[in-house]
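Coordinate analysis (summary)
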Amino acid sequence: MKKETILRRVPALCIAALIFYLSSRPTLPVPLPPILGADKLAHLAAYAVLSFLACFWIRAESWKRRPVLFFVSVVLIVSLYGALDEFHQSFVPGRMPSVWDWLADTLGAGLGVLVYRGIPKPLR
């Protein structure tokens, strides 16, 4: 595998590992005062970043040929990771899986791909 290919994949793997690590913690820091829905926004943001970085796994030429296929593929893969993360949380004391968190993960995945697709081609 080329060095360039590896470097395009490492950031997404790091974010996925960070998400897994944070999900393994019994508690997470919360803003003071607690903000209603802040956890859902955190899920949305984390999974938007993950899907944005996952888009770099796919070569630009491939995106050009089949943009809908790759859009759906990235969103589905990141959403599946979110579902697995929620399942993983069911084994962590003090944490509970949530369909609403998974929905925020999935919306974030879609948002991340939309942001990636909106970036001018020379910057991708």
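Residues numbered from 1 in each chain as written. Predicted model: local features only at pLDDT ≥ 70, side-chain atom pairs only at ≥ 80, totals over all residues. Heavy atoms only, no water.

Quick word on the pattern of salt bridges
- Under the defined criterion, the tally for this structure stands at three salt bridges.
- Where K40 meets D101, a salt bridge forms, and the shortest distance between an N and an O atom there is 2.7 Å. Highlighted residues: K40 in helix α2 (residues 38–54) and D101 in helix α5 (residues 99–118), separated in sequence by 61 residues.
- The class for D101 is buried, based on a relative accessible area of 7%.
- Here E61 ties to R59 by a salt bridge, and the two come within 3.9 Å at their closest N and O atoms.
- Here the salt bridges share partners, and the residues they tie into one network are D39, K40 and D101. (Salt bridge = Lys/Arg side-chain N within 4 Å of Asp/Glu carboxyl O. Helix = DSSP H or I, 4+ residues; strand = E, 2+ residues; numbered from the N terminus. Buried < 20%, exposed > 50% of the residue type's maximum accessible area, 1.4 Å probe, protein only.)

A closer look at α2
- The terminal C-alpha atoms of α2, which comprises 17 residues, lie 24 Å apart, in line with the 24 Å expected from a rise of 1.5 Å per residue.
- Burial in α2 covers these residues: H43, Y47, A48, L50, S51, L53 and A54.
- Contact partners of the buried residues in α2: α1 (3–23), α4 (67–89) and α5. (Expected span 1.5 Å × (residues − 1). Contact = heavy atoms within 4.5 Å.)

Concerning the nonpolar core
- By size, the foremost hydrophobic cluster in this structure holds 17 residues, and its most contacted members are L50, C55, W63, V74, V78 and V113.
- If you list the elements that add at least two residues to this core, you get α1, α2, α4 and α5.
- Sequence-distant contacts of W63, that is, excluding residues within four places in its chain, are made with C55, I58, F70, F71, V74, V113, Y116 and R117. (Core = buried A, V, L, I, M, F, W, Y, C linked by side-chain atoms within 4.5 Å.)

What to know about the packing of aromatic side chains
- Applying the stated criterion to the full structure yields seven aromatic pairs.
- Pairing F56 with Y116 gives two aromatic rings, centres 5.0 Å apart and planes at 85°, and the pair type is edge-to-face. Of this pair, F56 sits in the loop between α2 and α3 (60–65) while Y116 sits in helix α5, and the two are 60 residues apart along the sequence.
- Its relative accessible area of 2% is what places Y116 among the buried residues.
- An aromatic cluster is defined as three or more aromatic residues linked by ring pairs; in this entry it consists of F52, F56, W63, F70 and Y116. (Phe/Tyr/Trp six-rings, centres within 6.5 Å; stacked < 30°, edge-to-face > 60°.)

Looking at the environment of L18
- Checked against the element boundaries, L18 lands in helix α1.
- A relative accessible area of 44% places L18 in the partly exposed class.
- Along the backbone, L18 and P120 are 102 residues apart, and their C-alpha atoms lie at a distance of 28 Å.

Here's the deal with the state of the cysteines
- The tally for this structure, following the rule as stated, stands at zero disulfides.
- Cysteine C14 shares no disulfide, and the gap to the nearest cysteine sulfur, in C55, comes to 17 Å.
- Exposure remark for C14: the relative accessible area of 46% places this residue in the partly exposed category.
- C55 sits in the buried class, given a relative accessible area of 0%. (Disulfide = S-S within 2.5 Å.)

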